[in-house]
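One-letter residues, chain by chain:
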Amino acid sequence: MDHLGKEKQSTSNQDVYIGSIDQGTTSTRFIIYDKSARAVASHQVEFTQFYPEAGWVEHSPIEILESVRLCMAKALDKATADGYNVDQGLKAIGLTNQRETTLVWSKSSGLPLHNAIVWMDARTTSICRRLEKELPGGRTHFVETCGLPISTYFSALKLLWLIENVDAVKAAIKTGDALFGTIDTWLIWNLTGGCGGDGIEPGLHVTDVSNASRTMLMNLKTLDWDQPTLETLGLPKEILPKIISNSEVIGKIAKGWPITGIPIAGCLGDQHAAMVGQACKKGEAKSTYGTGAFILLNTGDEVINSKHGLLTTLAYKLGPNATANYALEGSIAIAGAAVQWLRDSLGIIESASEIEELAKKVENSGGVYFVPAFNGLFAPWWRDDARGICIGITRFTNKAHIARAVLESMCFQVKDVLDSMQKDDEGERGEKAKDDKGEFVLRVDGGATVNNLLMQIQADLLGSPVVRPLDIETTALGAAYAAGLAVGVWTEDDIFTDGGKAEKSTIFRPKLDDEHRKKRVESWCKAVSRTFDLADLSL
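Computed from a predicted model, the values in this text were never measured in an experiment. (Residues numbered from 1 in each chain as written. Predicted model: local features only at pLDDT ≥ 70, side-chain atom pairs only at ≥ 80, totals over all residues. Heavy atoms only, no water.)

1. Digging into the UniProt feature "domain: Carbohydrate kinase FGGY N-terminal" (unreviewed entry) in the protein
- In the UniProt entry, the feature "domain: Carbohydrate kinase FGGY N-terminal" (unreviewed entry) is given for residues 17–277.
- Helix makes up 33% of residues 17–277 and strand 26%, with an end-to-end C-alpha separation of 16 Å. (UniProt positions renumbered as here; feature names shortened; annotations may be inferred. Helix = DSSP H or I, 4+ residues; strand = E, 2+ residues; numbered from the N terminus.)

Structural data, given as structure tokens:
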């Protein structure tokens, strides 16, 4: 299968297309793929980030809907202008989304009852502390069931906050008018009809197994909402969506959208979609570099509960009757967001793309270590009391050293997670994860991977090869694959067999010797330890 390319497809493929909605943390995209999985048109828009208080992050659900509408229309216009007969050949739509971001809306009016609370939002810290004190096992009370610790990260606690603090949410639940969902649920409900009327059937209230696995409410083994968890948290089951697989015909897009009558046939959380887009089979890992960074290792049909600070989650379930693949995941809150901070808050660079050239002006970070614990640290540390630091600064330090330290911070965090994964996986199976050729390889994707220096630093600090595919937007591609699989455009062999993809990838091999790597990692760990217990610093 080919990937991203400008040349038009062959005549035999020209009337078969799959669309993909990629609704991310800072932007929305719609991409149209042909049968060879090559993007023929796309459109992307950014949307507003709201910060009502320190540590709080919100999105407007209505603005997200409109961003999807605009991206669909613009991508269709571009495809038509370039001579692609998408109107006749579009077979299905896939959807992928930012995970854990939580909202509640009115079934009758279709309006949100509060802004969406974004995955990185930390307002639920006090709820986390309360539950840790009340429940046996503290932070790990729900791990055996859902694979997740009690953390500000997950949807259930954001839903609890909405119920405890927003009168409109409490009232709607009492009257049976409330619907809960993550962004996938909100989009599918609206795309398939919303609150209905004028001859339109009401929308479908569903979520997929990958998004459901991030709520803290789904039982990993039954793949259904866990009743004891709902009772412990006091959450009403009737407001929750139905859980479905990642690849099946869900429903058709209703009137009023730029595309109508086309089935939505694939749905995955963004990191799970990237696993499918990267064709990660059992024993293979990928890292997606976006606002945060997300590393997943496919553990096959085994549910491995981490002993080293990782999350257990669904990888994917490609069909209602398919076997579920599970994964170990390490989530890093701040990756590309640290580059945005250099640009927007410090003004050290004018655009994100400038960081590579600036960092290349020095051979190393000059002993500077930057830890971007802006809202705490996720895996494998799980310290919401951590705050960002930059240490090792001397009169010799300049902005190039700081830029390089920011890039290194992403790579050190990814290494922390992968080291923990290897320990968990080796402990469970007695051997480290390897690919078909007997070596561990990290597959990478996401916007930041265009930075060659970042990728080389990553390989150096891992001591393992890093493989970047030709098409780095594998999140959208994975959602397209899932949809195409459900309607017969592709088979699993098409998706998971190499078919020449490796030849079009770029491989970064480590150049750093083991001794130097070990010293750098020790210094990094020392820097991380300095971030702890800083949340209460006085203003």
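Moving on from the model shown.
2. Focus on the pairing of strand β16 (residues 293–300)
- Taken across its eight residues, β16 has eight buried, putting it largely inside the fold.
- Here β16 shows no split at all, with A293, I295, L297 and T299 on one side and F294, L296, N298 and G300 on the other all buried.
- Here strand β15 (residues 285–289) pairs with β16 via five bridges, running antiparallel. When the sheet's bridge partners are listed, T288 is paired in β16 with F294.
- In this antiparallel pair of consecutive strands, β15 and β16, the connection spans three residues. (Buried < 20%, exposed > 50% of the residue type's maximum accessible area, 1.4 Å probe, protein only. Pairing = 2+ DSSP bridges.)

3. Description of the state of the cysteines
- A complete count under the given rule lists zero disulfides for this structure.
- Cysteine C146 remains unbridged, with the sulfur of C128 as its closest cysteine sulfur at 12 Å.
- By relative accessible area, which is 1% here, C146 ends up buried. (Disulfide = S-S within 2.5 Å.)

4. Here's the deal with the pattern of salt bridges
- This structure, assessed with the given rule, holds 25 salt bridges.
- One salt bridge connects E329 with R214, and the closest N-O pair in it is separated by 3.0 Å. Of this pair, E329 sits in strand β18 (residues 325–332) while R214 is found in the loop between α8 (209–212) and β10 (218–219), placing the two residues 115 residues apart along the sequence. As far as the burial class goes, E329 and R214 line up, both buried. (Salt bridge = Lys/Arg side-chain N within 4 Å of Asp/Glu carboxyl O.)

5. Observations regarding the side chain of D416
- As for its position among the elements, D416 is in helix α13 (residues 399–429).
- For the buried D416, which has no salt bridge, the nearest side chain bearing the opposite charge is K415, at an N-O separation of 7.1 Å.
- Only 3.5 Å separates the side chain of D416 from the side chain of W381, close enough to count as a polar contact.
- For D416, the residues in contact, after removing those within four places along its chain, are P380, W381 and W524. (Lys, Arg positive; Asp, Glu negative; His and termini not counted. Polar contact = N/O pair within 3.5 Å; in protein donor to acceptor, adjacent residues only side chain to side chain. Contact = heavy atoms within 4.5 Å.)

6. Remarks on the packing of helix α1 (residues 61–81) against helix α7 (residues 183–191)
- Closest axis-to-axis distance for the α1/α7 pair is 11 Å, and the angle between their directions is 60°. Crossing handedness for the pair α1 and α7: right-handed. Here P61, I62, I64, L65, V68 and M72 of α1 lie close against α7, whose contacting residues are I183, W186, L187, N190 and L191.
- Within the contact of α1 with α7, the residues separate by chemical class into 10 nonpolar, one polar and no charged. (Axes fitted to C-alpha atoms, helices over the stretch in contact; angles between N-to-C directions. Left-handed = near helix turned anticlockwise from the far one by under 90°. Nonpolar A, V, L, I, M, F, W, Y, C, P; charged D, E, K, R; others polar.)

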